[in-house]
Amino acid sequence: MSKTQKIRVGISIGDFNGIGPEVIMKCLKDKSITEFFTPVIFGSGKLFTSQKNIFKININFNYILKANQAQDGKLNMVNLWKDEVSVQLGTPTEESTKMAIDSLEAATEALKQGEIDVLVTAPINKDEMIKYGFKHAGHTGFLEEKLGAKGLMFLVTDSLKVAVSTHHIPITEVAQNISKEKIVEQVRLLNKTMIEDFCIQKPKIAILGLNPHAGDGGAIGKEEIDIINPAIKQLWNEGILAFGAFPADSFFQPEKYQKFDAVLAMYHDQGLAPFKTLAYEEGVNYTAGLPFVRTSPDHGTAYDIAGQNKADEHSFMEAIFTAIKIYKNRMEYQELIANQLKKSNIKDNGVDEDLPEA
């Protein structure tokens, strides 16, 4: 991105038989939105034309062939499909599923090529996508493979930030998928993310226990004694402010969680259930640790309300502006580090320039 160019926000459309296109258009319907960023949607002109008529949204797109053709001040759409599409709102179909895959792949490639600056993904149907060749249980695994880095599912608002150690796996496999080494690596990444992406110089990170009452001293499980607490001790020795292991059943009381900058839960529902309860309509799913910024709303495809004009765009809007904020924070951090390195490379040549020459 040049200094004169607005941040280019790439948007994948998700399953178009869900609420993805609806919340995207609702976010972009205000004509002043392009003063803040340049949208680049990876979708279909005919699809969005049919859906904007359904929802009575007055919106116009600038159709382009590649993301690098996007123009500031316009709602750009990379027109991936020129044929008519069959919309069956509320029901995933082969066509809507394959289009979700194509949109995500095209947007991710544009991100890698620097044609967009950040990526915001609309909700997908993971089960349906796997049926048609998608190899991952969600966005995180796909992006890890495509972008060549390990990611961490991180749910964020201004006041609450929760990462999960294990993602989309059966509950029966959680215990065997945590280890001291894995927790140490994840908290290091979380600490780095809080510093570089959220501008917190010395973040305080809470780590939840796996078992009820954090194991009750070993009476209800020994993972805290054998795995989690040793990881916390090592992190402290490295200078990272890691605390715990905390019992998950009482941790999310405001007077407790608000003392910390971030939380690492041991499994998906342990972290996401309280997060989605406390951060209703505000939560954003951020994939921490990747070389690029990707966010998404914290809701799903919502087939039950698709086509009824009931979808709330607030979480998707939060996902867009969170991505922009993180991108700017990263750029500022990298510039700061570059300036520090530049200063440290200035060497003393041993000559006092105030002395006259001999």
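Residues numbered from 1 in each chain as written. Predicted model: local features only at pLDDT ≥ 70, side-chain atom pairs only at ≥ 80, totals over all residues. Heavy atoms only, no water.

Trainee: Help me understand helix H1 (residues 20–28), please; the structure alone is not making it clear to me.
Mentor: Counting along an α-helix, one turn takes 3.6 residues, and residues three or four places apart therefore face a common direction. Most of H1 sits out of view: 9 of its 9 residues are buried. All buried positions along H1 are accounted for by Gly20, Pro21, Glu22, Val23, Ile24, Met25, Lys26, Cys27 and Leu28. (Buried < 20%, exposed > 50% of the residue type's maximum accessible area, 1.4 Å probe, protein only. Helix = DSSP H or I, 4+ residues; strand = E, 2+ residues; numbered from the N terminus.)

Trainee: How do you make sense of the pattern of salt bridges when you look at a structure like this?
Mentor: Pairing of side chains with opposite charge becomes possible as their charged atoms draw close. Tallied over the full model, the rule gives 10 salt bridges. Where Lys46 meets Glu84, a salt bridge forms, and the shortest distance between an N and an O atom there is 3.9 Å. Here the residue Lys46 occupies a position in helix H2 (residues 45–54), and Glu84 occupies one in the loop between strand E4 (76–79) and helix H3 (94–112), the gap between them amounting to 38 residues. The partner of Lys204 in a salt bridge is Asp261, and the shortest N-O contact between them spans 4.0 Å. A residue pair is termed long-range when its members are at least 10 positions apart, and Lys204 in strand E8 (residues 204–208) and Asp261 in the loop between helix H9 (254–257) and strand E10 (262–265) qualify at 57 residues. (Salt bridge = Lys/Arg side-chain N within 4 Å of Asp/Glu carboxyl O.)

Trainee: Please clarify how the sheet that holds strand E9 (residues 241–246) should be interpreted in this entry.
Mentor: Two orientations exist for strands paired in a sheet by backbone hydrogen bonds: parallel and antiparallel. Taken in spatial order, the 12 strands line up as E3-E4-E2-E1-E5-E12-E11-E6-E7-E10-E8-E9 in an open sheet, and their pairing is mixed. For this open sheet the edge positions go to strand E3 (62–64) and E9, each flanked by a neighbour on one side alone. Looking at each pair of strands side by side, their axes are set apart by 25° on average, direction ignored. Where strand E1 (residues 8–12) lies against strand E2 (residues 38–43), 5 bridges are found, and the strand directions are parallel. When the sheet's bridge partners are listed, Gly10 is paired in E2 with Val40. Packed onto the sheet, H2 meets E2, E3 and E4 and runs at close to 130° relative to E4. (Pairing = 2+ DSSP bridges. Axes fitted to C-alpha atoms, helices over the stretch in contact; angles between N-to-C directions. Contact = heavy atoms within 4.5 Å.)

Trainee: How do you make sense of the nonpolar core when you look at a structure like this?
Mentor: General note: in soluble globular proteins, nonpolar side chains tend to be found buried as a group. Within the largest apolar cluster, 68 residues are counted, with the highest numbers of intra-cluster contacts made by Phe154 and Ile207. With 7 residues, the top contributor of residues to this core is helix H11 (residues 314–344). Each of domain 1 (1–149 + 290–334) and domain 2 (154–282) accounts for three or more of the residues forming this core. Sequence-distant contacts of Ile207, defined by excluding residues within four places in its chain, comprise Ile183, Val187, Ile228, Ile232, Leu235, Ala242, Phe243, Gly244, Ala245, Phe246, Leu264 and Met266. (Core = buried A, V, L, I, M, F, W, Y, C linked by side-chain atoms within 4.5 Å. Domains from an automatic or database assignment.)

Trainee: Is there a simple way to explain the domain arrangement of the protein in this structure?
Mentor: Quite often, the size of an interface is put as the accessible area lost when its parts meet. According to the domain assignment, the protein consists of domain 1 (1–149 + 290–334) and domain 2 (154–282). Taken over C-alpha atoms, the centre of domain 1 sits 30 Å from the centre of domain 2. At the junction of the two partners, domain 1 supplies 14 residues and domain 2 supplies 15 residues. In total, domain 1 and domain 2 occlude about 1200 Å² of area from one another, counting both sides; carbon and sulfur atoms represent 54% of this. When the area that domain 1 buries against domain 2 is broken down by residue, the three leading residues are Asp298, Asn329 and Tyr333, summing to 41%. The interface formed by domain 1 and domain 2 holds 1 salt bridge in total. For the salt bridge of Asp197 with Arg330, the shortest nitrogen-to-oxygen distance reads 2.8 Å. Seen at the junction of domain 1 and domain 2, the total is 3 residue pairs in polar contact (both at pLDDT 80 or more). The element that contributes the greatest number of residues to the side of domain 1 that touches domain 2 is H11, accounting for 9 residues. (Buried area = accessible area lost by both parts, 1.4 Å probe. Polar contact = N/O pair within 3.5 Å; in protein donor to acceptor, adjacent residues only side chain to side chain.)

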